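Here are the chains, one letter per residue:
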Amino acid sequence: MNDRSPWVLVLDVGSSSVKVWLYDTGGRGVEPGGGSQLLYNWHTADGAMEVPANRLFDLVVHALDTAVAFARQKDIHIGAIAITTFWHSILGISATGEPLTPVYAWGDTRAAETARRLARDIDESDMHRRTGCFLHPSYPVVKLVWLKELDAAGFRGVSQWISIGEYIEHRLFGSMRCSYSMASGTGLFDIHRLDWDPAMLELVGLSADSFPPLVDTDATLAGLRAEFAGRWPELASTPWFPALGDGACANVGSGAIGKDLQGVTVGTSAAVRTLWETDDITVLENLWCYRLDGRRVVAGGALSNGGNAVAYLDNTLKLPAGDEWDAELVGVTPDSHGLTILPFLVAERGPNWLRERSAAVVGLCHTTPPLHLLRAWLEAIAYQIAEISSALQDSYGPPTQVLASGGALHASPVWTQIIADVIGCPVSMSIEREATAHGAALVAQERLGLLASLDLARSRRAADVQPDPDRHAIYMEAIDRQRRLAEALTSRP
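In this report, the structure presented in the accompanying data block is examined.

Calculation rules
- Residues numbered from 1 in each chain as written.
- Predicted model: local features only at pLDDT ≥ 70, side-chain atom pairs only at ≥ 80, totals over all residues.
- Heavy atoms only, no water.
- Salt bridge = Lys/Arg side-chain N within 4 Å of Asp/Glu carboxyl O.
- Buried < 20%, exposed > 50% of the residue type's maximum accessible area, 1.4 Å probe, protein only.
- Helix = DSSP H or I, 4+ residues; strand = E, 2+ residues; numbered from the N terminus.
- Pairing = 2+ DSSP bridges.
- Contact = heavy atoms within 4.5 Å.
- Axes fitted to C-alpha atoms, helices over the stretch in contact; angles between N-to-C directions.
- Core = buried A, V, L, I, M, F, W, Y, C linked by side-chain atoms within 4.5 Å.

Right, let's talk about the pattern of salt bridges for a bit. Counted under the stated rule, the structure contains 24 salt bridges. The salt bridge partner of Arg296 is Asp293, with a shortest N-O separation of 2.7 Å. No difference in accessibility class separates Arg296 from Asp293, as the two residues are buried. Across the pair Asp421 and Arg471 runs a salt bridge, and its minimum N-O distance is 2.5 Å. Of the two residues, Asp421 is situated in helix 15 (residues 413-423) and Arg471 in helix 17 (residues 469-490); the sequence distance between them amounts to 50 residues. Residue classification places Asp421 among the buried positions, given a relative accessible area of 2%. Looking at Arg471, the relative accessible area reads 26%, which means it is partly exposed. One continuous salt-bridge network, built from bridges that share partners, spans Glu277, Asp293, Arg295, Arg296 and Glu446.

And the structure:
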């Protein structure tokens, strides 16, 4: 390539893999080849979702090895490193930086009873207005109370509580900081004042010193530890931007910037978000609200069930290869399977989580083909996506376009069409297969002065998937049926 203009190396620590990508000054991404995506598994027994911090860090090192080797081969000059990670992770480290706990992630539900008790003891609405978060076991604020009650001595032994992004920084540089973006996903951060929230700190019994210093996205870190400077001399003094939440980056990378656009992401989990610039945040009652940076916020809702449900069904039903089953699903008439599904294989997030919802399938019989069950499940998740989309519309008006991203949708054009039909709005599949990594690169390029404004990303469009009015009408009735089933199961004695 022999391009001496500064490229951005993006490290994407997702919920199922660690990936690296390289982006040129035009925002075009290059995957460094074999070893650039490394899969990993979580420990999930008894409601857990945890992984050793050093396991993830080892994957980061191997992924960076691949990226640096590729850059050497292609004579690419890496001018900066951006990192994006899954929101809501938390781990405790010692005064010397050793991990004292595993990394706890968003799908860990063991703090559910703690969340219920806290909801009785404090004003959740007031907390939500300040922090943009709910009292839900996904959030670190609840996990910290749970961990303190579970092991008070162990809790006291923790020097600092950090996310996986900060842990990676600490291992590489010997210092770390927490971006407004990552802090906004903890439930401990006032998204208006851009500082730790005193009431939430008091709730968990910690001070601001128990967390890394807060910074915006323009704060860079340089000077790798000797071990890694020797391993990657090209990166020894390269600026490293602070970790950003993956959801915000996915909106940026897919071009869903502005109140008139919605970003739908379906990867391991799923989410619907709107991202915009403002200095006056109004936190909506049923939606979370986080930060991309000091100027931009992202509001929406997240589902714990997305591509993970397809993986479960694929393993359970022994489905044909993805392109084969997707092609066969085209011939299945919408909602013709006679099934009503609550697709909650993983405990759901959002304001209604306390309803104790779990997965349920009504209408299943011995003649139901596996592909009909799969189609019904895809439709059921799309109904949940539509509920969040509708809540955003209530405040910001109907979107002019929905921009979709995520590996699960890239693998299934049928699912993208289902979502368009359910929402009743055109859906464009992002031209970026890695929207999250692309978004992190664009933020870094804006901060480097290589991109005038993130708003330029709005111009990147793919062909629209148009909704079918007749299918939309069918799905509206199916959504009502799903709601009635959820209410009936919730009201059981």
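This part is about the sheet that holds strand 16 (residues 270-277). What the 7 strands build is an open sheet, ordered 17-18-16-15-21-22-23; its pairing is mixed. At either end of the open sheet lies a strand with only one pairing partner, and these are strand 17 (288-291) and strand 23 (464-465). Against the sheet, helix 15 engages strand 15 (261-266), strand 22 (427-429) and strand 23, with an angle of about 155 degrees to strand 22.

What follows deals with the environment of Ala119. Mapping Ala119 onto the fold places it in helix 2 (residues 112-121). Owing to a relative accessible area of 27%, Ala119 belongs among the partly exposed residues under this scheme. Beyond its immediate sequence surroundings of up to four residues, Ala119 is in contact with Glu124 and Leu135.

Take helix 11 (residues 307-317) next. Three or more residues of helix 11 are buried, namely Gly307, Asn308, Ala309, Val310 and Leu313. Positive backbone phi, at 55 degrees, marks Lys318, one or two positions downstream of helix 11.

The next thing to look at is the nonpolar core. Ile168 and Trp415 are the most contacted members of the largest nonpolar core, which totals 167 residues. The leading source of residues in this core is helix 13 (residues 370-396), at 16 residues. Dropping the residues within four chain positions of it, Trp415 is found in contact with Val266, Gly306, Gly307, Val310, Asp326, Leu378, Ile381, Ala408 and Leu409. Counting 5 residues, the second-largest nonpolar core is a separate cluster that includes Leu342, Phe344, Leu485 and Ala486.

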